[in-house]
Amino acid sequence: MLKISDLKVNYGYVKALKGVSLEVKEGSIVTILGANGAGKSTTLKSISGIVPATEGEIEFMGQSIKKLSPEEIVSLGVVQCPEGRRIFPQFSVEENLRIGAFGRRKNIKNINDDYERVYDYFPKLKERKDQVAGTLSGGEQQMLAIARGLMANPKIFLLDEPSLGLAPIVVKEIFGIIEDINKAGVTILLVEQNAFQASKIADYVYVIETGNIVISGTKEEVISNENIKKSYLGA
Ligand code: ATP
């Protein structure tokens, strides 16, 4: 569904990605693991057209998306939930969701059905639909960020560190919801430092270090790798 080949991204003199290749099969959950500054966010940002690729190719459903605008990429169904949530704190929960649907334009008529579909995943958000988003807890804000992304009707959903700064029990809940979203037919590309939880739900795992993919495999292969155990799983 998504294929990245030899992707290079520079920020001035900083070589953030040095030739990343990876593939996400339709219907799967793929996780990219890596430490701070490894290039995880840059990979997602270049897929979404937010940072330009210096070299390489990005294909979605057989079509090159490398030169498309972020808006065009979203309209194809490649939707990102950014690191740090980036919700609109002064707006209500439901207004934030409405903003998520903004790019769809044509299908806005059925927005009430979409609110309900999203609230089925996140009953807590339904209870708080008129609450100002800035007063939600950290976990609820992360849920809102994911819910807002769903409003854009993703075919593939790119999630940038959804567990960041959250208590383990909330992380477990959010990862459970990500699995449910996947079961409903949305392909997932997840970027995480939280290696344990993130690899548990993955079908396939890539590990990125200083702009290069250094290991890839099924979750069983990656979890049993001794270097990964030491570096990412605290063994
Ligand atoms: P984190 O988990 O901390 O977000 P990451 O794996 O997502 O880490 P990136 O944000 O992709 O890492 O950063 C990769 C490299 O690119 C780092 O060395 C970072 O300092 C650098 N970098 C990222 N954004 C910029 C920018 N706008 N300008 C210059 N350098 C940048």
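What counts as what
Residues numbered from 1 in each chain as written. Predicted model: local features only at pLDDT ≥ 70, side-chain atom pairs only at ≥ 80, totals over all residues. Heavy atoms only, no water. Salt bridge = Lys/Arg side-chain N within 4 Å of Asp/Glu carboxyl O. Helix = DSSP H or I, 4+ residues; strand = E, 2+ residues; numbered from the N terminus. Buried < 20%, exposed > 50% of the residue type's maximum accessible area, 1.4 Å probe, protein only. Arc of directions from axis to C-beta. Contact = heavy atoms within 4.5 Å. Near = heavy atom within 4 Å. Polar contact = N/O pair within 3.5 Å; in protein donor to acceptor, adjacent residues only side chain to side chain. Areas by Shrake-Rupley, 256 points an atom, 1.4 Å probe, with all protein chains shown as cover. Nonpolar A, V, L, I, M, F, W, Y, C, P; charged D, E, K, R; others polar.

### Let's talk about the pattern of salt bridges
Side-chain pairs of opposite charge can arise whenever the charged atoms involved come near each other.
Alright, step 1. Inspection of the entire model under this criterion finds 8 salt bridges.
Alright, step 2. A salt bridge links R117 to D114; its shortest N-O distance comes to 3.3 Å. Of this pair, R117 and D114 both sit in helix α4 (residues 111-121), separated by 3 residues, roughly a single helical turn.
Alright, step 3. Residue classification places R117 among the partly exposed residues on the basis of a relative accessible area of 34%.
Alright, step 4. Of the residues examined, D114 reaches a relative accessible area of 9% and is grouped as buried.
Alright, step 5. The closest approach of N and O atoms between E140 and R128, which form a salt bridge, is 3.3 Å. Residue E140 is found in helix α6 (residues 138-150), and its partner R128 is found in the loop between α5 (123-127) and α6; the two are separated by 12 residues along the sequence.

### Re unusual backbone geometry
Alright, step 1. A positive phi is found at E161, a non-glycine position, where the angle reads about 50°.
Alright, step 2. Structurally, E161 can be placed in the loop between β7 (156-160) and α7 (168-183).
Alright, step 3. Here E161 falls in the buried class, since its relative accessible area comes to 3%.
Alright, step 4. Phi is positive for T210, which is not a glycine, with a value near 35°.
Alright, step 5. Mapped onto the fold, T210 is located in the loop between β9 (204-209) and β10 (212-218).
Alright, step 6. Classification of T210 by relative accessible area gives exposed; the value is 53%.

### Some thoughts on helix α3 (residues 93-100)
Alright, step 1. If you check which residues of α3 are buried, you get V93, N96, L97 and G100. With its buried residues spanning 100° around the axis, α3 presents them on a single face.
Alright, step 2. Here the buried face of α3 lies against α4, α5 and α6.

### Let's talk about the site of the ligand
Alright, step 1. Close contacts around the ligand come from 13 residues, with N36, G37, S41, T42 and E161 the closest.
Alright, step 2. Contacts to the ligand include A38, whose backbone N or O atom sits 3.0 Å from an oxygen atom.
Alright, step 3. Here an oxygen atom of the ligand and a backbone polar atom of G39 are 2.9 Å apart.
Alright, step 4. Here the ligand loses 62% of its free accessible area of 630 Å² to cover by the protein chains.
Alright, step 5. Sort the elements by how many residues they give to the shell around the ligand and helix α1 (residues 40-47) lands first, with 3 residues.
Alright, step 6. The residue makeup of the shell around the ligand, split by class, is 4 nonpolar, 6 polar and 3 charged.

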